[in-house]
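Here's the letter readout for the chains.
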Amino acid sequence: MSAFWALVQRDVRLATRVGGGGGMAVFFFLIVLSIVPFGIGPDLNLLTRIAPGMLWVALLLSALLTLDRLFQADQEDGTLDLLVMAPQPLELTVLAKAISHWLTTGLPLVVAAPLLGLMLNLPLDGMLPLMGAMLVGSPALSLLGAVGAALAVGVRRGGLLISLLVLPFYVPVLIFGVSASRAALVAVPGDLGGQSLLLLGAVSLASLVVGPVGGAAALRVAVK
Amino acid sequence: MTCRFVALGLHQTDMAWSIHTFANPTRFMRFSAIVLPYVWALAGAGIGIGLYLSFFVAPPDYQQGDSVRIMFVHVPAAWLSQFGYGIMVASSIMALIFRHPLADVAAKSAAPIGAVFTFLALVAGGLWGKPMWGTYWVWDARTTSTLVLLFIYLGYMALWVTIEDPNRAARVAAVLALVGAVNLPIIRFSVDWWNTLHQPASVFRLDGPTIHSSLLWPLFVVAIGFTFFFLGVMMVRMRAEILRRRVRTLQMQQAAG
Amino acid sequence: MTTSEALNTLTVTGLACVRGEREVFRDLSFRVGAGEMLTLVGPNGSGKSSLLRQIAGLLDITAGEILVEGSRDDLSVADLALYAGHLDAVKSPLSVIENLGFWAQFYGVPSEKIAAALEIFGLGHLGHLPAGVLSAGQKRRLGLARLALIDRPLWLLDEPTVSLDTASIAALVDLMQGHLQQGGAIVAATHVDLGLDGVRPLDMGHHGRGEHG
């Protein structure tokens, strides 16, 4: 396991030392959401209604932003060859990279979300469900994103390609995430709010398998 | 005076670049070490006296009660958010035209401080807005323009972080700062336009000429204190940046030797 | 996990390589045993790099077979071979020690070995510097220091002497000599005569399409 944590630690260290990491994603998150009222007007009631959906859409886009360097940076300097060749199973390597991506991008976004919720006039009662849902759902974004990032390794304009590949896979996260976040705001028939949080968790757990396995398979092809 | 300055600038660029880059920052390091304690003292005095005045001398507002005291942080912070950008623009012009070796250091150092004060202005405005409007955030023209200013600050900082070579980063960042300066009035105009278009609910004006003179004095003193604080932090950041570049040079020399 | 596993033989039989539409080589057969070194020579494009990547498992095999046999049956290429390609796999923002420290942790090597590995290539006094300030040659040495750090019997080296000065080449030759004496094996693509004992050349040009087609 020490190999696994060594990789997580190295990637977090690299992300915090070099620009273009999680800080930029949070900035993007902020700016995308701030643009929305310019488009639809500053009506606070309207903003309240669309806040959970907008926050989730912005979260997906922001998480995508840093994915293109996930494997590409390692490919460019030759590290990827050695990671693929190493005794540690490639699936674990992909998982480690996805975890560090989540720690440096997903987690800061979740932490920043309440502030943006405030700007979109999301009631304070809605903050905890929002953060909870994002905490449960955001790992899926990094895990599924890792597959897209692995597929696009060595491709020119890979960043754009990753967005096209990955966004369809983000649809369930968006649906269950928004539904779980809205539970505190609007009356939901039955216990759909709690159910959607469970379903969101299920998506994340499924991604925990799909991400590493799919990512490793894609990387094996990519280096060859 | 101006002529002499320009001549000096030209003369310096003619000299060997290494001497040029080394001499000036060294003088700045000496100068700032002497000046800094005084700057801190002025900042401390201004903020201390100003806050005392604003908490214990200034009367509560007949409408807003004690919450008006948030103004003593909000307005100076809003002033410094503009002041910081002004410093960035002035430094960027110096950096682009005169290639002054300290100018880009100054611009780079001012940006995060300006950003923090912009953020502080927004937060203080929000806290003030809660008892006034019943919500922390309202998309009124002034607030929204300040938010866009924060984004320009953050974009500027992101540019510095992303480009590794400091010389190239300095040049590109200076261009961005100047483009920002040209665009800020346009942005403000468009935001005002957007705002009147949507006719928001009656918004209480946060500042303007209606402020009573008993509130104006503390405000003025806090603003002076904040400004010296800004300059103090900026000098510390400039010193740190100069030292960081020296360390980098020494590291390269060590690697080469 | 792996404590100095030994290599029995590397056996290549009837190997072919096709990249894109082009056949790079075919009918390549050789055997390398413990303590032996094979030097790949041949013009550009004759497939030296491709062959090394095929052995490392980083490139598909079009035809033929590569067999890496260790002292135990359960050992795979990952446990037996170490690859050093054109790129140094050095991260500029990390210090020299952090760079090597990562690989030590990643391969389960005790961190005490880092200092010695750096010393072999004269990087000991630069350990705290960010790798970004290193010259091309120093980065290459940092990459090659992995050979001393991670204990693997089979070394796959792709032009290891590029951008190295004479002193560093001598250090590399010493390291390789020691490796061979301890029963290791090396397959290296290099244009430089390293002056090592018992080296067999393999002329890749003879297996190219030009000779056969």
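No experiment lies behind these values; they were computed from the predicted model shown. (Residues numbered from 1 in each chain as written. Chains lettered and ligands numbered in written order. Predicted model: local features only at pLDDT ≥ 70, side-chain atom pairs only at ≥ 80, totals over all residues. Heavy atoms only, no water.)

Undergrad: Any chance you could explain the overall build of chain C here in plain terms?
TA: Each helix and strand in chain C was counted, giving 7 helices and 8 strands. By principal-axis analysis of the C-alpha atoms, chain C measures approximately 55 × 35 × 35 Å. For chain C, contacts bridging at least 24 residues in sequence account for 72% of all contacts bridging at least 6. If the 16 positive side-chain charges of chain C are averaged to one point and the 24 negative ones to another, these points end up 5 Å apart. (Helix = DSSP H or I, 4+ residues; strand = E, 2+ residues; numbered from the N terminus. Contact = heavy atoms within 4.5 Å. Lys, Arg positive; Asp, Glu negative; His and termini not counted. Charge placed at Lys NZ, Arg CZ, Asp CG, Glu CD.)

Undergrad: Would you take a moment to explain the sheet that holds strand β6 (residues 154-158) of chain C for this structure?
TA: Sheet strands pair by backbone hydrogen bonding; their relative direction is either parallel or antiparallel. Residue and element names in this part refer to chain C. One open sheet holds the 5 strands; their spatial order is β5-β6-β7-β3-β8, and the pairing between them is parallel. The open sheet has two edge strands, β5 (81-84) and β8 (199-203), and neither has a second partner. For this sheet the average axis-to-axis angle between neighbouring strands, irrespective of direction, equals 15°. For β6 and strand β7 (residues 185-189), the ladder comprises 5 bridges, and the chain directions are parallel. Looking at β7, one finds that L156 is bridged to V187. (Pairing = 2+ DSSP bridges. Axes fitted to C-alpha atoms, helices over the stretch in contact; angles between N-to-C directions.)

Undergrad: Could you clarify how one ought to interpret the interface of chain C and chain B in this entry?
TA: Size of an interface: often given as the accessible area lost when the parts come together. Chain C puts 9 residues into the contact, and the matching count from chain B is 5 residues. Each partner contributes to the roughly 610 Å² buried at the junction of chain C and chain B, and carbon and sulfur atoms together form 56% of this total. Taken as a group, L129(C), P130(C) and V133(C) account for 57% of the area that chain C buries against chain B, more than any other trio of residues on that side. Applying the counting criterion to the chain C and chain B interface returns 0 salt bridges. (Buried area = accessible area lost by both parts, 1.4 Å probe. Salt bridge = Lys/Arg side-chain N within 4 Å of Asp/Glu carboxyl O.)

Undergrad: I would appreciate a short explanation of the environment of A148(C) in the present structure.
TA: Residues and elements named next belong to chain C. As for its placement among the helices and strands, A148 is situated in helix α5 (residues 136-149). Expressed as a C-alpha distance, the spacing of A148 and M176, which sit 28 residues apart in the sequence, is 9.5 Å. Setting aside its immediate chain neighbours within four residues, A148 contacts K113, A117, I120 and L175.

Undergrad: Would you take a moment to explain the side chain of H179(C) for this structure?
TA: With respect to the helices, strands and loops of the structure, H179(C) is situated in helix α6 (residues 166-181). Those residues in contact with H179(C), other than ones at most four positions away along the chain, are R152(C), P153(C), L154(C), W155(C), G184(C), A185(C) and I186(C).

Undergrad: Please clarify how the interface of chain C and chain A should be interpreted in this entry.
TA: Taken together, the contact pairs 30 residues of chain C with 28 residues of chain A. Taken together, both faces of the contact between chain C and chain A bury some 2500 Å²; the carbon and sulfur share is 65%. Summed over the shared surface of chain C and chain A, the result is 5 salt bridges. For K91(C), the salt bridge goes to D74(A), with nearest N and O atoms at 2.5 Å.

Undergrad: Is there a simple way to explain the confidence of the model for chain B in this structure?
TA: Detail in the predicted coordinates should be disregarded across regions flagged by low pLDDT. Residues and elements named next belong to chain B. Model confidence for chain B is summarised by a mean pLDDT of 83, while 85% of its residues fall at 70 or above. Note that residues 1-23 has pLDDT below 50 and, in this model, 13 contacts with residues that lie over four places away or in other chains. Residue range residues 200-209 is modelled with pLDDT below 50. Its contacts to residues more than four positions away, or to other chains, number 13 contacts. (pLDDT = per-residue confidence, 0-100.)

Undergrad: Which parts of the structure should I look at to understand the pattern of salt bridges?
TA: As a working rule, side chains carrying opposite charge can pair if their charged atoms are close by. Residues and elements named next belong to chain A. Overall, the coordinates contain 19 salt bridges over all chains when judged by the stated rule. Residue R10 pairs with D74 through a salt bridge whose shortest N-O separation is 3.2 Å. Of this pair, R10 sits in helix α1 (residues 2-17) while D74 is found in helix α4 (residues 69-76), placing the two residues 64 residues apart along the sequence. Here the two residues R10 and D74 agree in accessibility, since each one is buried. (Buried < 20%, exposed > 50% of the residue type's maximum accessible area, 1.4 Å probe, protein only.)

Undergrad: What should I look at first to understand the side chain of T146(B) in this one?
TA: All names here are of chain B. Tracing the backbone shows T146 in helix α5 (residues 141-162). Taking the relative accessible area as the measure of exposure, T146 reaches 13% and is therefore buried. Setting aside its immediate chain neighbours within four residues, T146 contacts T118 and L122.

Undergrad: Which parts of the structure should I look at to understand the packing of helix α3 (residues 44-65) of chain A against helix α7 (residues 127-151) of chain A?
TA: Axis angle and axis distance: for two packed helices, these are the angle between their axes and the distance between the axes, and together they describe the pair. All names here are of chain A. The contact between α3 and α7 brings their axes to 11 Å, and the two run at 30°. The orientation of α3 relative to α7 falls into the category roughly parallel. Remark: the crossing between α3 and α7 carries right-handed chirality. Contacts between α3 and α7 pair L55, W56, L59, L60 and A63 from the former with L130, A133, M134, G137 and L141 from the latter. (Parallel < 35°, antiparallel > 145°, perpendicular 65-115°, else oblique. Left-handed = near helix turned anticlockwise from the far one by under 90°.)

Undergrad: How should I be thinking about the pairing of strand β3 (residues 37-41) of chain C in this particular structure?
TA: The side chains of a regular strand alternate, residue by residue, between the two faces of the sheet. Residue and element names in this part refer to chain C. Within β3, 4 of the 5 residues are buried, which leaves the element mostly enclosed by the surrounding structure. Pairing of β3 with β7 involves 4 bridges; the strand directions are parallel. Paired with L38 across the bridge in β7 is V187. Where β3 lies against β8, 5 bridges are found, and the strand directions are parallel. If you follow T39 over to β8, its bridge partner there is P201.

Undergrad: Could you clarify how one ought to interpret the packing of aromatic side chains in this entry?
TA: To describe a pair of aromatic rings, one takes the distance between the centres and the angle between the planes. Tallied over the full model, the rule gives 20 aromatic pairs over all chains. An angle of 45° between the planes, with centres 5.6 Å apart, marks the rings of F117(B) and F226(B) as tilted. With F117(B) in helix α4 (residues 103-133) and F226(B) in helix α7 (residues 213-256), this pair connects stretches of sequence that are 109 residues apart. Following the ring pairs from residue to residue traces out a cluster consisting of W40(B), W79(B), F83(B), F117(B), F226(B), F229(B) and F230(B). In this arrangement the basic side chain of R10(A) is found over the ring face of F102(C), its NZ or CZ atom lying 4.7 Å from the centre. (Phe/Tyr/Trp six-rings, centres within 6.5 Å; stacked < 30°, edge-to-face > 60°. Lys NZ or Arg CZ within 6 Å of the ring centre and 35° of its normal.)

Undergrad: Sorry, what's going on with the nonpolar core here?
TA: When a protein is soluble and globular, its nonpolar side chains tend to lie buried together. Core analysis: the largest hydrophobic core is formed by 187 residues, its most contacted members being F29(A), F71(A), L10(C), F30(C), L51(C), W103(C) and L154(C). Sort the elements by how many residues they give to this core and α7(A) lands first, with 11 residues. Apart from residues no more than four positions distant in its own chain, F71(A) is found in contact with L80(A), V94(A), K97(A), A146(A), A149(A), A150(A), V153(A) and L219(A). Membership of the second largest hydrophobic core comes to 8 residues, among which are V68(B), M71(B), V75(B) and L219(B). (Core = buried A, V, L, I, M, F, W, Y, C linked by side-chain atoms within 4.5 Å.)

Undergrad: Teacher, can you tell me more about a nonpolar patch on the surface here?
TA: A grouping of L205(A), L208(A), V209(A), V210(A) and V213(A) is seen on the molecular surface, where their side chains present a nonpolar patch of about 450 Å² in accessible area. Tracing the chain through its elements places V213(A) in helix α9 (residues 192-223). (Patch = residues over 30% accessible without salt bridge, like charges linked within 9 Å, V, L, I, M, F, W, Y side chains within 5 Å. Areas by Shrake-Rupley, 256 points an atom, 1.4 Å probe, with all protein chains shown as cover.)

Undergrad: Teacher, can you tell me more about the sheet that holds strand β1 (residues 7-19) of chain C here?
TA: Residue and element names in this part refer to chain C. An order of β2-β1-β4 is seen for the 3 strands of this open sheet, with the pairing classed as antiparallel. Edge positions in the sheet fall to β2 (22-33) and β4 (63-70), since each of these pairs with one other strand and no more. Between one strand axis and the next, the sheet turns by 15° as a mean value, whatever way the strands run. Lying on the sheet, helix α1 (residues 48-56) is in contact with β1, β2 and β4; it crosses β1 at an angle near 125°.

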